[in-house]
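Residue-level listing of the chains:
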Amino acid sequence: MAGLSSKNKNNNGYMKNWHQLFIVSIMVTTLAAACNNAEEKKETVTAAPEAKLKQEKWGSVDGKDVYLYTLTNKSGAEVTITNYGGIVTSWVSPDKNGIKSSVVLGFDSLSGYLARPPYFGAIIGRYGNRIAKGSFKIDTATYTLAKNNGANHLHGGDKGFDKVVWDAITQTTGPASLTLHYLSKDGEEGYPGNLKVNVTYTFTDDNELNMEYSAETDKPTVVNLTNHSYFNLTGDPSTTILNHSLQVNADRYTPVDKGLIPTGELKDVKGTPFDFLQPHTIGERIAAVDGGYDHNFVLTKKEKGVELVATLSDSLSGRKLEVFTEEPGLQFYSGNFLDGTIKTSGGKAINKYAALCLETQHFPDAPNQPAFPSTILKPGEKYHTITKYKISLNK
Ligand code: GLA
């Protein structure tokens, strides 16, 4: 994004010798967590600058090494991801004039993230979205979580999956991919059970960023993982997303109370500003939505499996974002709480509506709402879900 990333440039000839580079890129698969000494670290970072997957040291947090991984596809588009919070820090793709810029909010350096921006680009867990009053029951046991959002629990608590260092394994045969692993210990942030989590990001030649989430537990717990990327398809956060056009396959949404906890009703979108069955610009009806859009849409899925559920497009840049998921819900958040206090790496204020999130998920507060699809994971079961974001140019 202009001012956000040092990668905002026309990358002429970037991938010229693609085939050669492909061979070079069959590099050492790296388990960052296993790098206990400097010698090993040197050996693992072997990619040529133009390789499909590049790894560079970015800093350290909690005594653990933090890296920045650059996943490049055949077209030269690139996604950068850090193992701190599994954050997607940039997604550089061309607009209709071939000008490259990042379509997600992010920072050039780790310090931007350590200042706790509101979940920019991160993996959210153990429970994405809100749990009312920071409390839920499984069978007869009551669990108490941090109330880090007014009276409620939000996005995994004080130190959710967005603020921890994940172990990383890179893969360079086929499309570039990065698998992140995290063990969330029994009792962490109040949640029961040791939860082993894997998230694999794969960046395909079709400009799809695939996110495959899996988890296993040793005690019954709740799990709801998502990614919190903030998109602005213009590539410039000083242009709001109000002129972006959105279409969502959802004939119902979950109305909320003042604390943004669902009332339990699944309301028909018909005749409301939440009807995005046909494309509408975000700005068209936002004034009629108290506080702006920050709601869970009940996706109208045709069948089980990964399906196209939402399309965002921007006529200025000609870019389009498609969201595919197997999750039952989509939180559309229009960046209402961005208020200019956070600055881009280039020093520009990130104001209200500078970017929006389309977070695929189970419904907010599902642990307290038995009528909602369950988020309980039991020992022996496998949590597994796929979401893909795809960027292309409008035809
Ligand atoms: C989510 C929530 C919003 C807000 C943002 C982060 O999308 O639904 O209410 O908390 O995260 O600011």
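Data block above holds the structure.
As a starting point, this report considers the structure included with it. From a predicted model like this one, the values you see are computed outputs, not experimental measurements.

A few points about the overall build of the protein
Argument step 1. When its secondary structure is counted, the protein shows four helices and 27 strands.
Argument step 2. Taken across its 395 residues, the protein has 58% of its residues classed as buried.
Argument step 3. Expressed as a percentage of contacts within the protein between residues at least 6 apart in sequence, the contacts between residues at least 24 apart total 66%.
Argument step 4. Within the structure as shown, the protein displays about 15900 Å² of accessible surface, and the carbon and sulfur contribution to it stands at 51%.

Some words on the packing of aromatic side chains
Argument step 1. Applying the stated criterion across every chain, the model contains 23 aromatic pairs.
Argument step 2. Residues F161 and W166 carry aromatic rings whose centres are separated by 5.9 Å and whose planes lie at 85° to one another, so their mutual orientation is edge-to-face.
Argument step 3. Residue classification places F161 among the buried residues on the basis of a relative accessible area of 1%.
Argument step 4. Ring geometry for F276 versus F332: centroids 5.9 Å apart, planes at 90°, classification edge-to-face.

Examining the site of the ligand
Argument step 1. The environment of the ligand is made up of 13 residues, and the closest members are R130, H155, H228, D294 and E359.
Argument step 2. Within the side chain of R130, an N or O atom sits 2.5 Å from an oxygen atom of the ligand.
Argument step 3. Here E359 contributes a side-chain N or O atom positioned 2.7 Å from an oxygen atom of the ligand.
Argument step 4. For the ligand, whose free accessible area comes to 300 Å², the fraction covered by protein is 95%.

Concerning unusual backbone geometry
Argument step 1. Here the amide bond leading from G125 into R126 is cis, since omega sits at 5°, within 30 degrees of zero.
Argument step 2. Within the element layout of this structure, R126 appears in the loop between β6 (123-124) and β7 (130-131).
Argument step 3. A positive phi angle, near 65°, is found at Y119, a position not held by glycine.
Argument step 4. Given the relative accessible area of 15%, Y119 is considered buried.
Argument step 5. Of note, the phi angle at D365 is positive, near 60°, even though the residue is not glycine.

Re the pairing of strand β8 (residues 135-138)
Argument step 1. Residues of β8 alternate between two faces, with F136 and I138 buried on one and S135 and K137 left unburied on the opposite face.
Argument step 2. Looking at chain direction, β8 and strand β9 (residues 141-144) are connected through four bridges and run antiparallel. By the bridge assignment, I138 is partnered in β9 with A141.

Thoughts on the environment of K64
Argument step 1. Within the element layout of this structure, K64 appears in strand β2 (residues 64-72).
Argument step 2. Taking relative accessible area as the criterion, K64 reaches 42% and is therefore assigned partly exposed.
Argument step 3. Counting along the chain gives 103 residues from K64 to D167, while the straight-line C-alpha distance between them is 9.3 Å.
Argument step 4. Non-local contacts of K64, meaning those with residues more than four positions away in its chain, are made with G59 and V165.

Each value, and the rule that gives it
Residues numbered from 1 in each chain as written. Predicted model: local features only at pLDDT ≥ 70, side-chain atom pairs only at ≥ 80, totals over all residues. Heavy atoms only, no water. Helix = DSSP H or I, 4+ residues; strand = E, 2+ residues; numbered from the N terminus. Buried < 20%, exposed > 50% of the residue type's maximum accessible area, 1.4 Å probe, protein only. Contact = heavy atoms within 4.5 Å. Areas by Shrake-Rupley, 256 points an atom, 1.4 Å probe, with all protein chains shown as cover. Phe/Tyr/Trp six-rings, centres within 6.5 Å; stacked < 30°, edge-to-face > 60°. Near = heavy atom within 4 Å. Polar contact = N/O pair within 3.5 Å; in protein donor to acceptor, adjacent residues only side chain to side chain. Pairing = 2+ DSSP bridges.

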